[in-house]
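Understanding the architecture of this molecule
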Amino acid sequence: MNLRTDAARTRTEPVRSDPAGPASARHDPARADRDPYFDNAKFLAVVLVVIGHAWEPLRGANVGGRLLEAAQTFIYAFHLPAFIVMCGYFSRGFPAARGRTRKLVAAIVVPYVLFSVAYPLWAGLLSGGHVGWDPLEPYYLTWFLPALLLWRLSTPLWQQIRYPVAVATAISMLAGFVTLPSMLNAAQVLSFLPFFVLGLTLRSHHFAFLHRRAVRVAGVAVLLLGGLTAYLLALNVDPEWVHWRRSFGQLGVGASAGVGFRVVAMAAALILTVAFLAVVPARRTWFTRLGSATMYAYLLHGFVTLYLSYQDWYYGISGEQVALVTVGCALLAVVLSGGTVRRGFRWAVEPRLDWLFRTATARRPAADGRPD
């Protein structure tokens, strides 16, 4: 196997992460009304994102064997759906939010433009060659930002139609029948749509139910069972099923088998997401404040994981060293979510665009009582 060629092929495609992506846009960690539960959930999820991106090239090079294969498939099965469910939950008020256009531009559009340029430049520097830039072809982990933009723009629709989760699920299923264009990662946008729409339908009492002791215990049991199942299925099931970026034809199965596999993947994602959210601490912890800066960890950690994927020595590490890499990823998430990094990169991740937008002014009524 040509490891560098194989790794380069992997790098040209968006690796499942995530943004965490991040579940919401701008946060103020000093606000007293913040729910520590969601900050805890976002931070733990972004730690899994960082670990998953560091493991991806190793798994592709068969480093770590069956155990790493199973571990990566396991976390990829739910960490991004969990992020997207929280994205939907925090997008419920988007249609009525004041300044929603400005927030979309500042929290999603501008960071996407900056990082979609920065990552190809960084990859070109590492490879010694030229990596092209196309704003409609998200590179590496930047795919999540335009996806989040499209999902949020569609929020008014899902809040108006009946049975939104069922409709979104049908769209996700249909997306597997055709090989969609790579523009804006259409396959992922449509395939993950049900999780965003599910988040839109959730209310606080649904999450409160997860805080019950019996549910937490069940969550731990489900996660352990999920990990064991992933190990038993490792090397026998294509991990692309939990990456949600291939059509049934690309995965080498027919329509009926493809629907079956996707139903199983979707059910596993939902069950494991519920289990993950059940075990997240509801109280304030030492990492709660870090959960307000998951966008920083998400957008910045890729420079480290991408660097590692271009290093020959990285593909020669042993099992014990993989464990050290995993611990290092957790520490990296802590550092990138900290105050120092946040102050240094606020201009890119949370830019202030007062210079771009007009100052809002009250509209005075005309003489006939109508607004000017």
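Within every chain, residues take consecutive numbers counted from 1 along the sequence as written. Where totals are concerned, whole chains, interfaces and linings use all residues; where local detail is concerned, this predicted model gives features only for residues with pLDDT of at least 70, and gives and counts side-chain atom pairs only at 80 or more. Side-chain metrics in this entry use all non-hydrogen atoms of the structure; hydrogen atoms and water are not considered.

Structural notes on the pattern of salt bridges
- Salt bridges are identified by distance alone: a Lys or Arg side-chain nitrogen within 4 Å of an Asp or Glu carboxyl oxygen. In total, this model carries seven salt bridges according to the counting rule given.
- Between Glu56 and Arg59 there is a salt bridge; the shortest N-O distance is 3.4 Å. Remark: Arg59 and Glu56 occur in helix H2 (residues 36–60); sequence separation between them is three residues, near one turn of the helix.
- Close ionic contact of Arg245 with Glu240 constitutes a salt bridge, the shortest N to O distance being 2.8 Å.
- Sharing partners across several salt bridges, the network here consists of Arg34, Asp39 and Lys42. Comment: elements are numbered from the N terminus, with helices defined as DSSP H or I runs of at least four residues and strands as E runs of at least two.

Quick look at a nonpolar patch on the surface
- Like charges are joined within 9 Å and nonpolar side chains (Val, Leu, Ile, Met, Phe, Trp, Tyr) within 5 Å, but only among residues with over 30% relative accessible area and no salt bridge; these make up the patches. Residue exposure ignores everything except the shown protein chains as possible cover, and the areas themselves are Shrake-Rupley values with a 1.4 Å probe. A cluster of nonpolar side chains, namely Leu67, Leu225, Leu228, Tyr231, Leu232, Leu233 and Val237, defines an oily patch on the protein surface of about 660 Å² accessible area.
- Within the element layout of this structure, Tyr231 appears in helix H12 (residues 213–233).
- Buried, partly exposed and exposed residues are distinguished by accessible area as a fraction of the type maximum, computed with a 1.4 Å probe on protein chains only: under 20%, between the cut-offs, and over 50%, respectively. Looking at Tyr231, the relative accessible area reads 35%, which means it is partly exposed.

Comments concerning unusual backbone geometry
- Phi at Tyr163 takes a positive value of approximately 50 degrees, unusual for a residue other than glycine.
- Inspection of the secondary structure puts Tyr163 in the loop between helix H7 (155–158) and helix H8 (164–175).
- Accessibility expressed as a relative area gives 64% for Tyr163, which makes it exposed.
- Phi angles above zero are rare outside glycine, and Leu235 is one such case at about 75 degrees.

The values reported here are purely geometric and, on their own, carry no functional implication.
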